[in-house]
Amino acid sequence: MAAPRGAWLARTSVPAHQLHIVSGKGGTGKTTIAAALACALATRGRRVLLCEVEGRHGITDLFGRPNAADTTTEPRIARTSAGGQVHGLEIDAEEALMEYLATFYHLGIAGKALDRFGVIDFATSIAPGLRDVLLTGKVYEAVRRRQKGRRDSYDAVVLDAPPTGRLARFLNVHEAVSGLAKVGPIAKQADSIMAMLRSEITTVHLVTLLEDMPVTETTEAVAELAPTGIQVGSVIANRATPSPLANDQLELARDGKLQLDLPMLAQADRTALAEEFVGEASRILAERECRERLTSLGVPIVDVPREPLGVDLTTLSSLVESLTHQLSEEVNA
Amino acid sequence: MTPVDRPEDLPTPDIPALDIPQILTDESVQILLCCGSGGVGKTTMSAALALSAARAGRKVVVITIDPAKRLAQSLGIEDLDNTPRPVDLGGLGLSGARTGSLDAMMLDMKRTFDDVVEAHASPERAAQILTNPFYQALSTSFAGTQEYMAMEKLGQLHTEARETGRWDLIVVDTPPARSALDFLDAPEHLAELLEGRFLGMLLSPSKGPLRFMSAGFSLVVATMNKVLGSQLLADVQTFADAFEALFGGFRQRAEQTMAQLSGDHTRFLVVATGERDSLRESAWFTDRLSTENMPLAGVIVNRIDTTEVNLSADRALTIAEDLPADSAEAVALTRHAERVRTRERQLALVQRFAATHRGVPMHLVPALVGDVHDLAALDQVGTLLSDLSLTGVAADR
């Protein structure tokens, strides 16, 4: 295979999976986790592609590169401290359809005219499932480049996928295109996409918070994905509250029976702090209960502590480190 | 004692208070829409607002979309039957003549769509539409149908409210979209697609605007047929014809509901959390409402961390350093420090939003411990929503 651009450091290994699909309930931080995972996978000399499909400009917002929205150039959005690079791609269904028409039907200029009259919008919106096949098709194309030994190939592709509630439908492209043409390139490509998603190069990461609703959705997503044959590689418990205290101590604190021995504080502050700790202890206990529910899924759990400063480019590195460490077999640095 | 490091020295634009009790008791307000991106607590806020309004004497119905199971159970709507059901408020100890009533329902989009068809079509025509394969896809899994049906249901309940007087306030929890803007855009997009212009173009291009480039166009039509399948296009056309003839077009219906929403009797409440993404989303939505002259009541920022302890994050951590890391004292102090820092960050983001959206009323809701899944907890949220001392960042001083 020809050495891709930027491979000035010898690559020692490739990640365990080439395609990483990241999903989660809305508000759990899946876009941030996807970005951090892309950075974690980008170790020495590796090239990683971070894709988003929902038009939320999450990549641009986090990395602040104005060109990340340009689907044609896949600009580099980050160089990692480990010596790899992350590229960004915002996949747009309408553009993907145009590209598709150009590739398979040589409809270059006619395709543009169709777009002007809204036919492309019509087709991608009206045909159930077409949009999803176009989006996953583009990811498929990016993943396949390595097998074809292309210069613009990637060692790993990270997909910031739709939320868990829609994930199974999004990935189940077979089902999705069943209402479309039974023959022709779309149907054929759907088969290839499905085969890739079910193969050992693909893994799904479900991001959750340690709260009732997100954990319930995660459980449902695992159940919905099971019949599709797509593997769930990890559940990422985001914004977890770390605590060295044992449950019985936390229970005492929650019930207001724990005295805080802090003579340096004024009596009023000691009381207020103890009251605040009642709530904290109760939250930590609730989180632990949720985590317990997650362990029953039989999927490895990655714990990501909450970041009080919020995640931006400066705090992203600690998140990357945490993922690199806990997903060391995935990253395979 | 070290002063608590709250962001006093940050520039604080004047943030007007979002007077929720005033909105809930204003009888000219008949529709309240809660918008925001997924995961911000919109459903809980909608239900809490509805409960507060009922407490204040309004006759309220709340349309919820996909509530958490236990919340649905406590509202008595775990059966998805698409009909408003009275919520038993007996357990809350409400009393006096001012107590109104609360009905709740969970939106079933397919059922709503089917009802529309059945109400307006002859039985044969209705059967023709309901069995159309494209209609079945449209009514269950189409992007935008949920938004459209939420609007449709709102329109229906509003009419019923005016005719029967059963309700005087409708609270709507909008669908969990990728973006709050979808609620405004999806119905029109759907209407536009079904208007049939492009469809007509595909099926008989000689009449459409593309007739001038007919050479390439027949190739295009053939291609679209291959891509989409000719059966799908045929189904779509049968459906669109039947539908258009019956209801004078999707677009008109969507436009009517939109017009209802921009009237004096409607208020939009934007729900956010003190996170960057959520407030950015709210900024877009707020701007959009103002562009379209839609009546924005204000922004509710949910899950703001609060503290009653007069101890800065730095000092808490300094004290904790001298204690064993696994002692309850050290943990309590570290948790406190993190809480203070989180709060600072949240308030800074709120202030940044306020600086670019001057004059938009805001209300900050403290983070609660535990999930809200019973009426008592909803009632507590309602109290927090009505507590004006929590409104605005200035209240923090």
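Above this text you will find the structure in question.
Keep in mind that what you see is a predicted model, and the values were worked out from it rather than measured.

A. Up close: the overall build of chain A. Helices and strands together make up the secondary structure of chain A, namely 14 helices and 8 strands. The proportion of buried residues among the 333 residues of chain A is 56%. Counting only contacts in chain A whose residues sit at least 6 apart along the sequence, the fraction spanning at least 24 positions is 74%. A total of about 13,800 Å² of accessible surface is found on chain A, and carbon and sulfur atoms cover 52% of it.

B. Representation of the overall build of chain B within the structure. From N to C terminus, chain B includes 16 helices and 8 strands. The buried share of chain B, taken over its 397 residues, is 55%. Expressed as a percentage of contacts within chain B between residues at least 6 apart in sequence, the contacts between residues at least 24 apart total 80%. Surface accessibility of chain B: about 16,100 Å² in total, with carbon and sulfur atoms responsible for 49%.

C. Geometry of the sheet that holds strand 7 (residues 232-240) of chain A. Residues and elements named next belong to chain A. Judged by pairing direction, the sheet is mixed, and its 8 strands sit side by side in the order 3-4-2-5-1-6-7-8 without closing on themselves. The open sheet has two free edges, formed respectively by strand 3 (76-79) and strand 8 (301-305), since each of these has just one partner strand. For this sheet, the mean angle separating the axes of adjacent strands, direction not counted, is 20°. Together, strand 6 (202-209), strand 7 and strand 8 form the strand contacts of helix 12 (residues 267-295), whose direction differs from that of strand 8 by roughly 155°.

D. The pattern of salt bridges, seen in detail. Applying the stated rule across the entire model yields 29 salt bridges over all chains. For E280 of chain A, the salt bridge is made with R283 of chain A, and the minimal N-O distance between the two is 3.4 Å. Placement of both E280 of chain A and R283 of chain A in helix 12 is noted, with a separation of 3 residues, approximately one turn of the helix. According to the relative accessible area criterion, E280 of chain A is buried, its value standing at 3%. The class for R283 of chain A is partly exposed, based on a relative accessible area of 25%. Salt bridges sharing common partners tie together E276, E280, R283, E287 and R306 of chain A together with R335, E338 and R339 of chain B.

E. Region of the structure containing the side chain of Q85 of chain A. For Q85 of chain A, the position within the fold is in strand 4 (residues 85-90). A relative accessible area of 8% places Q85 of chain A in the buried class.

F. Summary view of helix 16 (residues 375-386) of chain B. Residue and element names in this part refer to chain B. Taking 1.5 Å of rise per residue, 12 residues should cover 16 Å, and helix 16 covers 16 Å from first to last C-alpha, within 8% of that figure. Turning to helix 16, its buried residues are L375, A377, L378, D379, V381, G382, L384 and L385. Among the structural elements, helix 1 (20-25), helix 2 (42-55), helix 3 (69-75), strand 7 (296-304) and strand 8 (362-366) are those in contact with the buried residues of helix 16.

G. Focus on the interface of chain B and chain A. Contacts between the two partners involve 63 residues from chain B, matched on the other side by 63 residues from chain A. Here chain B meets chain A over a buried area of about 5,300 Å², counting both sides, of which 67% is carbon and sulfur. Taken together, the links from chain B to chain A amount to 3 salt bridges. Of the charged contacts in the structure, one is a salt bridge between E280 of chain A and R335 of chain B, with a shortest N-O distance of 3.2 Å. Put simply, chain B and chain A have 6 residue pairs in polar contact (both at pLDDT 80 or more) between them. Every element with two or more residues in the side of chain B that touches chain A is listed here: helix 6 (133-141), helix 8 (182-194), helix 9 (197-203), helix 10 (214-228), helix 11 (230-247), helix 13 (276-291), helix 14 (313-321) and helix 15 (328-356) of chain B. The dominant element in the side of chain B that touches chain A, judged by the number of residues it contributes, is helix 15 of chain B, at 12 residues.

H. Spotlight on the sheet that holds strand 3 (residues 85-86) of chain B. Residues and elements named next belong to chain B. Spatial strand order, 3-4-2-5-1-6-7-8: 8 strands in an open sheet with mixed pairing. Each having just a single partner strand, strand 3 and strand 8 make up the two edges of the open sheet. Against the sheet, helix 13 engages strand 1 (31-35), strand 6 (266-273) and strand 7, with an angle of about 160° to strand 6. Strand contacts of helix 16: strand 7 and strand 8, with the helix running at about 140° to strand 8, the strand carrying the most contacts.

I. Local environment of helix 13 (residues 313-326) of chain A. Look at helix 13 of chain A: 20 Å from first C-alpha to last across 14 residues, which is about the 20 Å you get at 1.5 Å a residue. Buried positions along helix 13 of chain A lie against helix 1 (30-41), helix 2 (58-63), strand 7, strand 8 and helix 14 (328-331) of chain A.

J. Local environment of unusual backbone geometry. Of note, the phi angle at R239 of chain A is positive, near 55°, even though the residue is not glycine. By secondary structure assignment, the location of R239 of chain A is in strand 7. Owing to a relative accessible area of 28%, R239 of chain A belongs among the partly exposed residues under this scheme. Phi at N293 of chain B is positive, roughly 55°, even though this residue is not glycine. With respect to the helices and strands, N293 of chain B occurs in the loop between helix 13 and strand 7.

K. Molecular detail of the packing of helix 3 (residues 93-105) of chain A against helix 9 (residues 185-198) of chain A. Residue and element names in this part refer to chain A. Helix 9 packs onto helix 3 with a crossing angle of 110° between their chain directions and a minimal axis gap of 12 Å. The angle between helix 3 and helix 9 places the two elements in the roughly perpendicular class. Two secondary-structure elements touch here, helix 3 through Y100, F104 and Y105 and helix 9 through P185, I186 and Q189. Taken together, the residues of the contact of helix 3 with helix 9 break down into 5 nonpolar, 1 polar and no charged.

L. Seen up close, the environment of L89 of chain A. All names here are of chain A. Turning to its location among the elements, L89 is positioned in strand 4. In this structure L89 comes out as buried when scored by relative accessible area, which is 0%. Measuring from C-alpha to C-alpha, the distance between L89 and N172 comes to 22 Å, with 83 residues separating the pair along the chain.

M. Looking closely at the side chain of S327 of chain B. Residue and element names in this part refer to chain B. Looking at the element boundaries, S327 is found in the loop between helix 14 and helix 15. The class of S327 is buried, set by a relative accessible area of 12%. From its side chain, S327 meets the backbone nitrogen of A330 in a polar contact 3.1 Å long.

Definitions and limits used
Residues numbered from 1 in each chain as written. Chains lettered and ligands numbered in written order. Predicted model: local features only at pLDDT ≥ 70, side-chain atom pairs only at ≥ 80, totals over all residues. Heavy atoms only, no water. Helix = DSSP H or I, 4+ residues; strand = E, 2+ residues; numbered from the N terminus. Buried < 20%, exposed > 50% of the residue type's maximum accessible area, 1.4 Å probe, protein only. Contact = heavy atoms within 4.5 Å. Areas by Shrake-Rupley, 256 points an atom, 1.4 Å probe, with all protein chains shown as cover. Pairing = 2+ DSSP bridges. Axes fitted to C-alpha atoms, helices over the stretch in contact; angles between N-to-C directions. Salt bridge = Lys/Arg side-chain N within 4 Å of Asp/Glu carboxyl O. Expected span 1.5 Å × (residues − 1). Buried area = accessible area lost by both parts, 1.4 Å probe. Polar contact = N/O pair within 3.5 Å; in protein donor to acceptor, adjacent residues only side chain to side chain. Parallel < 35°, antiparallel > 145°, perpendicular 65-115°, else oblique. Nonpolar A, V, L, I, M, F, W, Y, C, P; charged D, E, K, R; others polar.

Any functional reading would require information beyond the geometric quantities listed.
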